Amino acid sequence: MSKIPLPSQVRLSSARELAASARPVGESAPTGSGVSSRLVYSSDSSGEFSASVRSPFEMLVQAAKSVQVAHAAAESVEPSRASEPAPSSRAGAPDSLAHPQRVRELQEGFATLSRPIVLIGPMAAGKTYIGSHLARFYGYEFLDADHVIVERYGEVSDIFEIFGEAHFRDLEYRVIKEVLTSPAYRNTVFSLGGGAPMTDAVAQLLKDEQVVYILVDAATVEPRITGNKSRPLLQPDPVTRWQQIFDRRSARYEELAKFTLDARGGRPISEMTAEIQSFIVNSRKDSNEPA
């Protein structure tokens, strides 16, 4: 039996591979990048197993199709057999045929989930660290835009080196738009790269979202960026470059923020996440969204 590749084994390992395997604009991206995806196993008549990655929304669509098949089968039953149990309840019937009530519950579940909580802020502010803990403490999903880009297209530093910053910003915009417009990513804590809000198209997407600005200073981020070669925009002098970039971007962060978290000085993670959660609960009460 062949091994099922892990997501890290099937992604493009570098931007150089992107040039050889680029997809036309508008074509679906590889699955497996969303935090809400599920690895679905199936087997054929010979007993061989296979696996595919599906998002909850894809599974909802598949369940709805299964119900339609069940309904069509029921309508074709002869009148004399109409009182017999439905195909899905007979012995040996496929388990994949979902009950209509379950499909309705799934649909209502997607409809009532709230908009994503978007984290913005400068490089090395701790958006991924804070966001992942917020999700774990309070029951959200978590997704990092840079991690999705790396999984789909390769390392950020390679993309900058080979294709330039403009190309990276275009990929970044596509990922952010996908997450903010797809029902599969509702109720997700979504962390953006430091430069993402500077793209006007991204800023437009964020205007009506629950945006949390993670505020830090150079003293807070210095230990995180000194000697770090993975951030191409901070080379060759990370601290000086960080301050210059922050000075240019801070006004945009403040403009988009619905809530600002002061993360300067290494505050306890439980304290910071509690502040964000309080903002989320209060803002959803004001807008009549589910908390």
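Thresholds, definitions, all that
- Residues numbered from 1 in each chain as written.
- Predicted model: local features only at pLDDT ≥ 70, side-chain atom pairs only at ≥ 80, totals over all residues.
- Heavy atoms only, no water.
- Helix = DSSP H or I, 4+ residues; strand = E, 2+ residues; numbered from the N terminus.
- Buried < 20%, exposed > 50% of the residue type's maximum accessible area, 1.4 Å probe, protein only.
- Areas by Shrake-Rupley, 256 points an atom, 1.4 Å probe, with all protein chains shown as cover.
- Phe/Tyr/Trp six-rings, centres within 6.5 Å; stacked < 30°, edge-to-face > 60°.
- Expected span 1.5 Å × (residues − 1).
- Pairing = 2+ DSSP bridges.
- Axes fitted to C-alpha atoms, helices over the stretch in contact; angles between N-to-C directions.
- Contact = heavy atoms within 4.5 Å.
- Bend = angle between axes of the 7 residues up to and from the residue.
- pLDDT = per-residue confidence, 0-100.
- Parallel < 35°, antiparallel > 145°, perpendicular 65-115°, else oblique.
- Left-handed = near helix turned anticlockwise from the far one by under 90°.
- Nonpolar A, V, L, I, M, F, W, Y, C, P; charged D, E, K, R; others polar.

Let us look at the overall build of the protein chain. Regarding its fold elements, the protein chain presents twelve helices and seven strands. When the 291 residues of the protein chain are sorted by exposure, 39% land in the buried category. Approximately 16000 Å² of the protein chain is accessible, and the part contributed by carbon and sulfur atoms is 52%.

This paragraph deals with the packing of aromatic side chains. Counting across every chain of the model gives four aromatic pairs. On the basis of an interplanar angle of 40° and a centroid distance of 5.0 Å, the ring pair of Phe160 and Phe168 is categorised as tilted. Ring centres 5.1 Å apart and planes at 15° place the aromatic pair Phe259 and Phe279 in the stacked group. One end of the pair, Phe259, is in strand β7 (residues 259-262); the other, Phe279, is in helix α12 (residues 269-287), with 20 residues separating them in the sequence. Judged by relative accessible area, which is 13%, Phe279 ranks as buried.

Okay, helix α5 (residues 127-138) next. Owing to its 3.6 residues per turn, the α-helix brings residues three or four apart onto one side. The terminal C-alpha atoms of α5 lie 16 Å apart, and with twelve residues this matches the ideal 16 Å at 1.5 Å per residue to within 8%. Along α5, the residues classified as buried are Lys127, Ile130, Gly131, His133, Leu134 and Ala135. Downstream of α5 by one or two residues, Gly139 has phi in the positive range, about 80°.

This paragraph deals with the sheet that holds strand β6 (residues 210-215). The strands making up a sheet associate through backbone hydrogen bonding, with each pair oriented either parallel or antiparallel. Reading across from one edge, β4-β5-β3-β6-β7 is the order of the five strands in this open sheet, with parallel pairing throughout. The sheet is open, and its two borders are formed by β4 (141-144) and β7, each paired with just one other strand. Adjacent strand axes in the sheet meet at a mean angle of 25°, parallel and antiparallel pairs treated alike. Across four bridges, β4 lies against strand β5 (residues 188-191) in parallel orientation. For Asp144, the partnering residue across the bridge sits in β5 and is Ser191. The sheet strands contacting helix α6 (residues 145-153) are β4 and β5, and the helix crosses β4 at an angle near 65°.

Its 19 residues give helix α11 (residues 238-256) an end-to-end C-alpha distance of 26 Å, which sits within 8% of 27 Å, the value for a rise of 1.5 Å per residue. Along α11, the helix axis deviates most sharply at Arg249, where the bend reaches about 45°. Here α11 has its buried residues at Pro238, Trp242, Ile245, Phe246, Arg249, Ser250, Arg252, Tyr253 and Leu256. The inward-facing, buried residues of α11 contact β3 (117-120), α8 (165-181), α9 (200-206), β6 and α10 (218-225).

On average, residues of the protein chain score 76 in pLDDT, and 60% of them are at 70 or above. Long-range and interchain partners of residues 1-53, a stretch whose pLDDT sits below 50, account for 90 contacts in this model, where long-range means more than four residues apart. Counted against residues more than four places away or in other chains, residues 77-95, with its pLDDT under 50, gives eight contacts.

Moving on to the packing of α10 against α11. Their axes nearest at 10 Å, the elements α10 and α11 cross at an angle of 135°. Our classification of the angle between α10 and α11 gives oblique. Between α10 and α11 lies a crossing of right-handed hand. Across from Ala218, Val221, Glu222 and Ile225 in α10, the residues of α11 making contact are Pro238, Val239, Trp242 and Gln243. Among the residues making up the contact of α10 with α11, the classes are represented as six nonpolar, one polar and one charged.

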